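Structural description and commentary
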Amino acid sequence: MPFAVISDVHSNLEALETVLEDIGKRGIKKNGTIFLGDAVGYGPNPNECVLLIKSHARWTIAGNHDWAALGLTDIAYFNASAAAAIRWTDDVLTPECRLIMEEYPLVKRLKKENIFLVHGSPKEPEEWHYVLSLWDAEVNFEYFTERICLLGHSHLPFILDRLPSGDMVVFKEEAELGPNRYIINPGSVGQPRDSDPRASYAVLTEQKAEIIRLPYDIEKTQRKMRDAGLPAPLVERLSRGV
Ligand code: ZN
């Protein structure tokens, strides 16, 4: 600690560079970054993002879009725009980046740090469920033993504190970390969906978790997406953060 936690980059190079620069300014060491999956999908720079994540993240796991781009997850349940972006990504991914992504594990346990990493949910990680409600969280606390679970997938940042009584408290910006158990979603670097279009990530210290939001050059990303012929709804949603 401290750690930077990034997730759901989705081939958005401008957002990723902005976040990595901020991580560097905070003095978090290069080996202090955790990546929770979905390097690719939706955006225009999959190869650049895969390589940057590889050079900056000490721990990395797979997301459903990563698996879909590798042909490991069926895109039948993706919406039309997401599926079109996966087909585009499949066309442009280099063999080098494919090899890097094939090394992403589905989950990871950081023993010394007492942290569990998963993209979707501790229960059935390969099914890519979301943790969206207190009920989802309650169920999922049974499926990991570590003090903290870091997950992504919903693109909605939160810090959930489970008290010894079993009661849960949700924080949206920052929270003190004590002896309780926690589920933390850092939000999405490259495609935020909480109506705030700024890139989102999290910083963890021994005592505190904090969600960081950063403006980035959205219009530049959008121009590249249009030039690449990626679906218009994916371009447009970046402006609104949905
Ligand atoms: Zn995602």
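This is a predicted model, so every value here is computed, not measured. (Residues numbered from 1 in each chain as written. Predicted model: local features only at pLDDT ≥ 70, side-chain atom pairs only at ≥ 80, totals over all residues. Heavy atoms only, no water.)

Octahedral metal centres with six donors ideally show angles of 90 or 180 degrees, and tetrahedral centres with four donors ideally show 109.5 degrees. The coordination sphere of the zinc ion, as far as protein atoms go, consists of D8 (OD), H10 (NE2), D38 (OD) and H155 (NE2), spread over 2.0 to 2.4 Å. The exposure class of D8 is buried, given its relative accessible area of 0%. (Donors = N, O, S within 2.8 Å, 3.2 Å for Na, K, Ca; no water. Buried < 20%, exposed > 50% of the residue type's maximum accessible area, 1.4 Å probe, protein only.)

What follows concerns the pairing of strand β12 (residues 208–214). For β12, the buried fraction is high: five of the seven residues fall into the buried class. Here strand β9 (residues 174–176) pairs with β12 via three bridges, running antiparallel. Residue A175 lies in a different strand from β12, and its bridge partner there is A209. As paired elements, strand β11 (residues 199–204) and β12 share six bridges and run antiparallel to each other. (Helix = DSSP H or I, 4+ residues; strand = E, 2+ residues; numbered from the N terminus. Pairing = 2+ DSSP bridges.)

Below, the discussion takes up the packing of aromatic side chains. Applying the stated criterion to the full structure yields six aromatic pairs. Measuring from centroid to centroid gives 5.5 Å for W67 and W128, while their planes differ by 80°, and the two rings are edge-to-face. Here W67, found in helix α3 (residues 64–69), pairs with W128, found in the loop between β5 (115–118) and α6 (134–140); they are 61 residues apart in sequence, far enough to count as distant. For the pair W67 and W128, a shared accessibility class is recorded, and that class is buried. (Phe/Tyr/Trp six-rings, centres within 6.5 Å; stacked < 30°, edge-to-face > 60°.)

With the rule as written, the count across this model stands at 13 salt bridges. A salt bridge links K112 to E113, with the nearest nitrogen and oxygen atoms 3.8 Å apart. We classify K112 as exposed; its relative accessible area is 75%. With a closest N to O distance of 3.8 Å, E210 and K208 form a salt bridge. (Salt bridge = Lys/Arg side-chain N within 4 Å of Asp/Glu carboxyl O.)

This brings us to the sheet that holds strand β8 (residues 168–171). Pairing is mixed across the open sheet formed by six strands, whose spatial order is β4-β5-β6-β10-β7-β8. The sheet is open, and its two borders are formed by β4 (107–110) and β8, each paired with just one other strand. The sheet shows a mean angle of 15° between the axes of neighbouring strands, taken without regard to direction. Sheet analysis places strand β7 (residues 158–162) next to β8, joined by four bridges and oriented antiparallel. Its bridge partner being in β8, I159 is matched across the sheet by F171. (Axes fitted to C-alpha atoms, helices over the stretch in contact; angles between N-to-C directions.)

The end-to-end C-alpha distance of helix α4 (residues 80–92), which contains 13 residues, comes to 19 Å, matching closely the 18 Å that a straight helix rising 1.5 Å per residue would cover. Where α4 is concerned, the buried positions are S81, A82, A83, A85, I86, W88 and T89. Taken together, the buried residues of α4 touch α2 (46–56), α3, α7 (218–228) and α8 (232–240). (Expected span 1.5 Å × (residues − 1). Contact = heavy atoms within 4.5 Å.)

This part covers the packing of α2 against helix α5 (residues 95–102). Their axes nearest at 10 Å, the elements α2 and α5 cross at an angle of 50°. Here α2 lies oblique to α5, going by the angle between them. The chirality of how α2 crosses α5 is left-handed. Contact residues: N47, V50, L51 and K54 in α2; E96, C97, I100 and M101 in α5. Taken together, the residues of the contact of α2 with α5 sort by class into five nonpolar, one polar and two charged. (Parallel < 35°, antiparallel > 145°, perpendicular 65-115°, else oblique. Left-handed = near helix turned anticlockwise from the far one by under 90°. Nonpolar A, V, L, I, M, F, W, Y, C, P; charged D, E, K, R; others polar.)

What is shown is where atoms sit, not what they do.
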